Amino acid sequence: MGRRDAMMICNFWMWYTLRRRIGHAAPPVLAAVGALALFSAVACARTGGGERQPGRDAQTAAPPTPALIAQASGTTSLLQAVSVVNASVVWVSGHKGTYARTTDGGAIWQAAVVPGADTLQFRDVHAVSATTAYLMSAGSGDLSRIYRTDDAGRTWALQFTNRDPKAFYDCMDFWDARRGVAYSDAVDGRTVIITTADGGAHWEPVPAAGLPAALAGEGGFAASGTCLVTREGGRAWIGTGSGPAARVLLTTDYGRTWAVAATPIPGGEASGIMSVAFRDATHGVIVGGQLTKPTDHSDNVAVSADGGRSWTLAGRPRLAGPVFGGVYVPGAASPTIVAAGPKGLDLSRDDAATWTALDTLAYWSVGFANPGAGWAVGPGGRITKIKLF
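Residues take numbers from 1 onward in each chain, read along the sequence in its written order. Predicted model: local features are reported for residues with pLDDT of at least 70 only, side-chain atom pairs are reported and counted for 80 or more only, and whole-chain, interface and lining totals are derived from all residues. Note that water and hydrogens are dropped before the side-chain values are worked out from all heavy atoms of the structure.

The next subject is the overall build of the protein chain. Helix and strand counts for the protein chain stand at three helices and 28 strands. In the protein chain, which comprises 389 residues, the proportion classed as buried is 52%. Of the contacts made within the protein chain by residues no fewer than 6 positions apart, 48% connect residues no fewer than 24 positions apart. Method for areas: the Shrake-Rupley scheme with a 1.4 Å probe, in which residue coverage is limited to the protein chains shown. Total accessible area on the protein chain stands at roughly 17300 Å², and carbon and sulfur atoms take up 56% of it. Helix and strand assignments come from DSSP, with helices taken as H or I runs of at least 4 residues and strands as E runs of at least 2, each series counted from the N terminus. Any residue under 20% of the maximum accessible area for its type is buried, any over 50% is exposed, and the rest in between are partly exposed; the area is computed with a 1.4 Å probe on protein chains only. In this analysis, two residues are considered to be in contact whenever any of their non-hydrogen atoms come within 4.5 Å of each other.

See below:
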């Protein structure tokens, strides 16, 4: 039935109903009835005789279906980390000394290997701009290094080499172009954190007096480059694992001193927190799981509403096994999180309360500039662009 037909039926029914109810009324009453009929006709015309209008449908419609776009990375190396500068500029990094960069939102990726570093695993990357970025390799002893470029990768400066054979650096992040922080697995019961205040030219260990004691076997997971995150005002959070409990270390003074918070994420060998994300200074999410149970579903997501001082369990993701990386989507209409793991990608639009599946391919890390510009990376040089609208 068309809109015009519906309006005619609506008008006829109103006239018939009023005629039966009023009958032969006096002229003033008929005038009032005529006015009422005209008002009702206009109402019918606006509603289309009961049809649902686009405006009304839009209020109740489900969010648009996300789009996943495979991109040509230019490499077949396992990619483990993403750093998004904006919707155009993105850096990624991975094994065999590999990194890649785009300056046009992913239409073209330029992949390369850092000279002399082809045996390193760059498990974290932090990009400042289209030309300046840091790469962190993970591994025991001197396999843990930090490099910096200021010319879009044409040359790289080796800024830090780990000299402790028992240390294994997992992740890093920066508050700004000069102040940064990196985290290593514990050494002999000591929590190991280093900071820089001059753009990485010098890295200094945080004194033991400013650090909580480490648990036995405690460390981080160098899975996605997001076991450590920073935010403005000197705040930072580190998710730990492999100890008897999974904990969050937190600072509010640019890494000079650190407190510790308990979490409900299970600890134990090869278990714990693998990624941390905060959408503001107060609200955060941690994700993780157990590496040795790749097909299990577990309580591996928790959220905080007090800056990371306390944590409560959230909803279980749809993807099985551990979640390697998780990130809030800037600019989303509601608290939106995308989680990445070897079993796929998941999406939550309600701050981790419920989840829907995005993909079943394997991913290690994910990052977003806005709801229409996100990237996830994984094995075989996989880069997938994500558009949530």
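In summary, the pairing rule links any two rings of Phe, Tyr or Trp, Trp by its six-membered ring, whose centres are within 6.5 Å, and it sorts them by plane angle into stacked for under 30 degrees, edge-to-face for over 60 and tilted for everything else. Taken as a whole and assessed by the stated rule, the structure comprises 11 aromatic pairs. With 5.0 Å between their ring centres and 65° between their planes, Tyr99 and Trp156 make a pair best called edge-to-face. Here the residue Tyr99 occupies a position in strand β4 (residues 98-102), and Trp156 occupies one in the loop between β8 (145-149) and β9 (157-161), the gap between them amounting to 57 residues. For Tyr99, a relative accessible area of 5% translates into the label buried. The class of Trp156 is buried, set by a relative accessible area of 15%. Between Trp175 and Tyr254 the ring centres are 5.2 Å apart and the planes differ by 70°, which places this aromatic pair in the edge-to-face class. Residue Trp175 is found in the loop between β10 (169-174) and β11 (180-187), and its partner Tyr254 is found in the loop between β16 (247-251) and β17 (259-262); the two are separated by 79 residues along the sequence. Through pairs of rings, three or more aromatic residues link up here, namely Trp91, Tyr99 and Trp156. Put simply, a charge is over a ring when the Lys NZ or the Arg CZ is close to the ring centre, within 6 Å, and near the line of the ring normal, within 35 degrees. Over the ring of Tyr254 we find Arg179, and its NZ or CZ is 3.9 Å from the ring centre.

Quick look at the sheet that holds strand β27 (residues 373-378) now. Strand order across the open sheet formed by four strands is β1-β28-β27-β26, with antiparallel pairing between neighbours. In this open sheet, the two strands that pair with only one neighbour each are β1 (67-71) and β26 (365-370). Pairs of neighbouring strands in the sheet enclose a mean axial angle of 20°, with direction left out of account. By definition, two strands form a pair when at least two bridges between them are found by DSSP. Alignment of β26 against β27, held across five bridges, turns out to be antiparallel. When the bridges of β27 are listed, Phe368 appears paired with Gly374. All axes are obtained by fitting lines to C-alpha atoms, using only the stretch in contact for helices, and the reported angles, taken between N-to-C directions, cover 0 to 180 degrees.

Let's shift gears to the sheet that holds strand β20 (residues 301-304). Strands sit in the order β18-β19-β20-β21 across an open sheet of four strands; the sheet is antiparallel. Edge positions in the sheet fall to β18 (271-278) and β21 (312-313), since each of these pairs with one other strand and no more.

Below, the discussion takes up empty space enclosed by the protein. Cavity means a closed set of points on a 1 Å grid over the protein atoms alone, one where a 1.4 Å probe fits but cannot get out, pocket means an open set with protein on both sides within 12 Å along at least 5 of 7 lines, and lining means a residue has an atom within 4 Å of a point. Grid points are joined across faces, edges and corners, and a volume is the space filled by probe spheres set on the points. Tallied over the full model, the rule gives one cavity of 30 Å³ or more. Taken as a whole, the largest cavity holds about 30 Å³ of empty space. If you go around the largest cavity, the residues you meet are Tyr183, Ser184, Ala186, Thr191, Ala214, Glu218, Thr240 and Leu249. Of the residues belonging to the lining of the largest cavity, the class tally is four nonpolar, three polar and one charged. Under the grouping applied here, Gly and all other residues not named as nonpolar or charged are polar, the nonpolar ones being Ala, Val, Leu, Ile, Met, Phe, Trp, Tyr, Cys and Pro and the charged ones Asp, Glu, Lys and Arg.

Along the chain, Thr196 falls in strand β12 (residues 190-196). According to the relative accessible area criterion, Thr196 is buried, its value standing at 5%. At a separation of 2.9 Å, a polar atom in the side chain of Thr196 contacts the main-chain amide nitrogen of Gly200. Engagement of the side chain of Thr196 in a polar contact is seen with the backbone oxygen of His202, the distance being 2.8 Å. With near-sequence residues (within four places) excluded, Thr196 lies in contact with Phe174, Arg178, Arg179, Gly180, Ala201, His202 and Trp203. Throughout this description, a polar contact denotes any pair of N or O atoms lying within 3.5 Å of each other; where both atoms belong to protein, one of them has to be capable of donating a hydrogen while the other can accept it, and for residues adjacent in sequence the pair is counted only when both atoms sit in side chains.

Attention now moves to the pattern of salt bridges. Only one rule defines a salt bridge in this text: a Lys or Arg side-chain nitrogen within 4 Å of an Asp or Glu carboxyl oxygen. By the definition in use, this model includes nine salt bridges. Put simply, Arg279 and Asp351 hold a salt bridge, and the shortest N to O gap is 3.2 Å. On the criterion of sequence distance, the pair formed by Arg279 in the loop between β18 and β19 (284-290) and Asp351 in the loop between β24 (344-348) and β25 (356-359) is long-range, its members being 72 residues apart. For Arg279, a relative accessible area of 30% corresponds to the partly exposed category.

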